[in-house]
Amino acid sequence: MTSEQPADLVLAGARIATLDAARSWATALAVRDGRIAAVGSDAAMAAHVGPSTRLIALRGRTVTPGFGDAHVHPIHGGLARLRCDLHDAYGIETYLDIVKTYARTHPGSTWIQGSGWSMEDFPGGIPSRADLDRVVPDRPVFLTSRDGHSAWVNTRALEVAGITARTVDPSDGRIDRESDGSPGGGLQEGAMTLVEPFLPETSGEDLEAALRLAQSYLHSLGITTWQDAIVTPETEEPAYVSLAGRGELTAKVVGALWWERSRGPEQIDDLVARRAATSIGRYRPTSVKLMMDGVLENHTGTLLESYLDARGQPTGNRGISMIDPAVLEIAIPRMDALGFQPHFHAIGDRATREALDAVAAMRRVNGPSDTRPHIAHIQVIHPDDIERFRELGVVANAQPYWACHEAQMDQLTIPFLGAERATWQYPFRSLLEAGAMLAMGSDWSVSTPDPLAQMELAVNRVSDRHRGASPVFLADQRIGLMDALAAFTIGVAYVNHQDRDTGSIEVGKAADLAVVDRDLFDRGAGAIGEARVVATFIDGIAVHELPELEG
Ligand SMILES: [Zn+2]
């Protein structure tokens, strides 16, 4: 050991959750040339300290592998943060304050664009133009909701778009109206497209700025790797190629190329060509995103049995499969053979079953492979399908932040699923007990990308907005903190095909690390989601560091 060069960095006095196979603990680690050179006790690390070694005493703080996000939309999240951002706010008056301040600080913007308001803050879920007119009377305002299914606009925006009392609702949407028929300021679903052509175009520079901002924000939350859940040639792809080409992409990113539902298996040739042309630096577009269904709240998620109406009677609607299972049966085996990973979006139990069936077809045709298919969201899983995740080698890609009682769940979901199916939601413990591999992620900008906030939900299944006040959502499905941490570290590394290089703290692996401001496993230290990341390292280099790291 003395013959080795001294380490560049030594972390000591820590609670190091290594996330190795034995889930072992250590107190110190050494980093050399971007790799973990040693893991063990403080005493054992002394041999690695030389005159130029940076030695940081962590006084019992937790060190984990860098966090991952298995399903995230960083460019959308970054754009939201660049624009008028209401995501972390609640209440009409708070929203209006933010809009007013944004308008004042962006005098050159012809439009005030933003996102992140929540339906539950408005009477009947419907926002009003009059409220916005109070704070921005002179410029058009267009603000999409947190779930992206509606927009809140002011009078000026309606005028610019030519929407009046005489404008007919589009077939796929609704203009909310005042009693005299004039537009009231809410635009639902397809009605948003009446305004969108008038919005300023998002430039390539905007997209790159959004990705840069998203990356530094995600690093500040301890995130070192992610899977971008929708990469299109128009939006995400050029931004990744630009940043990765200039060496500005510090995160280790897998891109999931968007499967166009209007096309069939003939598009696979295009995907192969794009993968070859755009793999650059730390960006690898080796996954394909298949959107199987919509969401339950507006009854577009696909179910094996009908949705219920408000009186609990079957409506006959089971949602619409967005990709024909017959197409999947051809396309999935072919993509697997070409080394593409299928990344399914599946919310309803029928969507999950159709995704599992497609993987079963792929295994029948190709035998074992290492493409590591995963199904994201998995809100409702039929109990018969739980075992199939392990049997078929399908990773369960879960978004634990949604597994709680809140208005969306209690008012818009449970009544329309009925009592039995409502208990099949987000069955994380059942999946773990059945031997499934679990990876977790945020779906940011839909929800917060903070992994610690999400881990709190996985462990408690109570919203962090209602700590201590809300009942637990399906208590049997809570998982332990170590399992949640594994899903956010080695689980994401696995789904991203990076587990030989990162995802755990073991000698030889990349020094991708998150340092948390306290002992995360000490439940006397406060809620998990209140903990903060004080430093994030990628290949041993700090990509985020607060002064208190050494304070
Ligand atoms: Zn998503």
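In case you missed it, the structure is sitting above this.
Described below are features of the structure shown in this document.

## Notes on the sheet that holds strand β20 (residues 395-398)
Hydrogen bonds between backbone groups are what pair the strands of a sheet, and the pairing can be parallel or antiparallel. With parallel pairing, 8 strands are arranged side by side in an open sheet as β8-β15-β16-β17-β18-β19-β20-β21. Lying at the two open borders of the sheet, with one neighbouring strand each, are β8 (67-72) and β21 (438-440). When strand polarity is set aside, the average angle formed by the axes of neighbouring strands in this sheet is 25 degrees. Taken together, the 5 bridges between strand β15 (residues 223-231) and strand β16 (residues 252-258) define a ladder with parallel strand orientation. Note that in β16 the partner of Q227 across the bridge is V254.

## Points about the sheet that holds strand β3 (residues 25-26)
In spatial order, the strands read β3-β2-β7-β22-β23-β24; together these 6 strands make up an open sheet with mixed pairing. Two strands bound the open sheet, and with one partner strand each, they are β3 and β24 (541-545). In the sheet, strand β22 (residues 513-516) pairs with strand β23 (residues 533-538) via 4 bridges, with the strands oriented antiparallel. Bridge pairing in β23 places V515 opposite A535.

## Here's the deal with the pairing of strand β18 (residues 341-346)
Taken across its 6 residues, β18 has 6 buried, putting it largely inside the fold. In β18, alternate side chains face the same way, and those of Q341, H343 and H345 on one face and P342, F344 and A346 on the other are all buried. Direction of pairing for strand β17 (residues 283-291) relative to β18: parallel, over a ladder of 5 bridges. Bridge pairing links K289 to H343 in β18. Traced from β17 through helix α9 (residues 325-337) to β18, the parallel crossover comes out right-handed. In terms of strand pairing, β18 meets strand β19 (residues 374-377) through 4 bridges, oriented parallel. Residue H343 lies in a different strand from β19, and its bridge partner there is H374. In this view, the connection linking β18 to its parallel neighbour β19 by way of helix α10 (residues 349-366) has right-handed handedness.

## Considering the coordination of the zinc ion
H71 (NE2), H73 (NE2) and D443 (OD) make up the full set of protein donors to the zinc ion, lying at 2.1 Å. When the donor residues of the zinc ion are listed from N- to C-terminus, their spacing reads H-x1-H-x369-D. Here D443 lies in the loop between β21 and α16 (451-460) and H73 lies in the loop between β8 and α2 (74-82), a separation of 370 residues in the sequence. Among the residues examined, D443 registers a relative accessible area of 8% and is labelled buried.

## Some remarks on helix α3 (residues 92-105)
Helix length check: α3 (14 residues) gives 20 Å between terminal C-alpha atoms against 20 Å at 1.5 Å per residue, within 8%. For α3, every residue scored as buried is listed here: Y95, L96, V99, Y102 and A103. When α3 is viewed along its axis, its buried side chains cluster within an angular range of 130 degrees and face the same direction. Looking at the buried positions of α3, the neighbouring elements they touch are α2, β9 (84-85), β10 (112-117), α4 (129-135), β11 (141-145) and β12 (150-153).

## Quick word on the side chain of Q498
Tracing the backbone through its elements, the reader meets Q498 in the loop between α18 (490-495) and β22. If we skip the residues at most four places from it in the chain, Q498 touches T225, K252, V253, V254 and A493.

## Some thoughts on the pairing of β22
Burial along β22 is two-sided: the face carrying L513 and V515 and the face carrying A514 and V516 are both buried. With 3 bridges joining them, strand β7 (residues 62-65) and β22 adopt antiparallel strand pairing. Residue pairing in the sheet places V63 in a bridge with V515 of β22.

## Describing the packing of aromatic side chains
Applying the stated rule across the entire model yields 9 aromatic pairs. Note on W25 and F521: the rings are 4.9 Å apart at their centroids and 85 degrees apart in plane angle, and the pair reads as edge-to-face. Here F521 lies in the loop between β22 and β23 and W25 lies in strand β3, a separation of 496 residues in the sequence. With a centroid separation of 5.4 Å and an interplanar angle of 85 degrees, the aromatic rings of W117 and F122 are classed as edge-to-face.

## Quick word on the nonpolar core
Ranked by internal contacts, the top residues of the largest apolar core, which has 86 residues, are M335 and F389. The residues contacting M335, other than those within four sequence positions of it, are W259, I268, L271, V288, L290 and F340.

## Some points on the environment of A486
For A486, the location among the structural elements is in helix α17 (residues 481-488). In the structure, A486 is positioned 421 residues away from P65 in sequence and 9.2 Å away in space, judged by C-alpha atoms.

## Some remarks on the packing of α2 against helix α7 (residues 236-245)
It is at 10 Å that the axes of α2 and α7 come closest, and there the two elements cross at 90 degrees. Judged on the interaxial angle alone, α7 and α2 are roughly perpendicular. Judged by residue contacts, P74, I75 and H76 of α2 engage E236, A239 and Y240 from α7. Its residues placed into classes, the contact of α2 with α7 shows 4 nonpolar, 1 polar and 1 charged.

## Some details on the pattern of salt bridges
Oppositely charged side chains can pair when the atoms bearing their charge come close. On inspection of all chains with the given rule, the structure shows 38 salt bridges. One salt bridge connects E387 with R390, and the closest N-O pair in it is separated by 3.4 Å. Residue E387 and its partner R390 are both found in helix α11 (residues 386-392); the two are separated by 3 residues, about one turn of the helix. Classification of E387 by relative accessible area gives partly exposed; the value is 38%. Taking relative accessible area as the criterion, R390 reaches 43% and is therefore assigned partly exposed. The salt bridge partner of R467 is E456, with a shortest N-O separation of 2.7 Å. Of the two residues, R467 sits in the loop between α16 and α17 while E456 sits in helix α16, which places them 11 residues apart along the sequence. Beyond isolated ion pairs, a larger network of salt bridges with shared partners links R35, K252, R282, D501, D512 and D539.

Cut-offs applied
- Residues numbered from 1 in each chain as written.
- Predicted model: local features only at pLDDT ≥ 70, side-chain atom pairs only at ≥ 80, totals over all residues.
- Heavy atoms only, no water.
- Pairing = 2+ DSSP bridges.
- Helix = DSSP H or I, 4+ residues; strand = E, 2+ residues; numbered from the N terminus.
- Axes fitted to C-alpha atoms, helices over the stretch in contact; angles between N-to-C directions.
- Buried < 20%, exposed > 50% of the residue type's maximum accessible area, 1.4 Å probe, protein only.
- Right-handed = clockwise from strand over helix to strand, strands pointing away.
- Donors = N, O, S within 2.8 Å, 3.2 Å for Na, K, Ca; no water.
- Expected span 1.5 Å × (residues − 1).
- Arc of directions from axis to C-beta.
- Contact = heavy atoms within 4.5 Å.
- Phe/Tyr/Trp six-rings, centres within 6.5 Å; stacked < 30°, edge-to-face > 60°.
- Core = buried A, V, L, I, M, F, W, Y, C linked by side-chain atoms within 4.5 Å.
- Parallel < 35°, antiparallel > 145°, perpendicular 65-115°, else oblique.
- Nonpolar A, V, L, I, M, F, W, Y, C, P; charged D, E, K, R; others polar.
- Salt bridge = Lys/Arg side-chain N within 4 Å of Asp/Glu carboxyl O.

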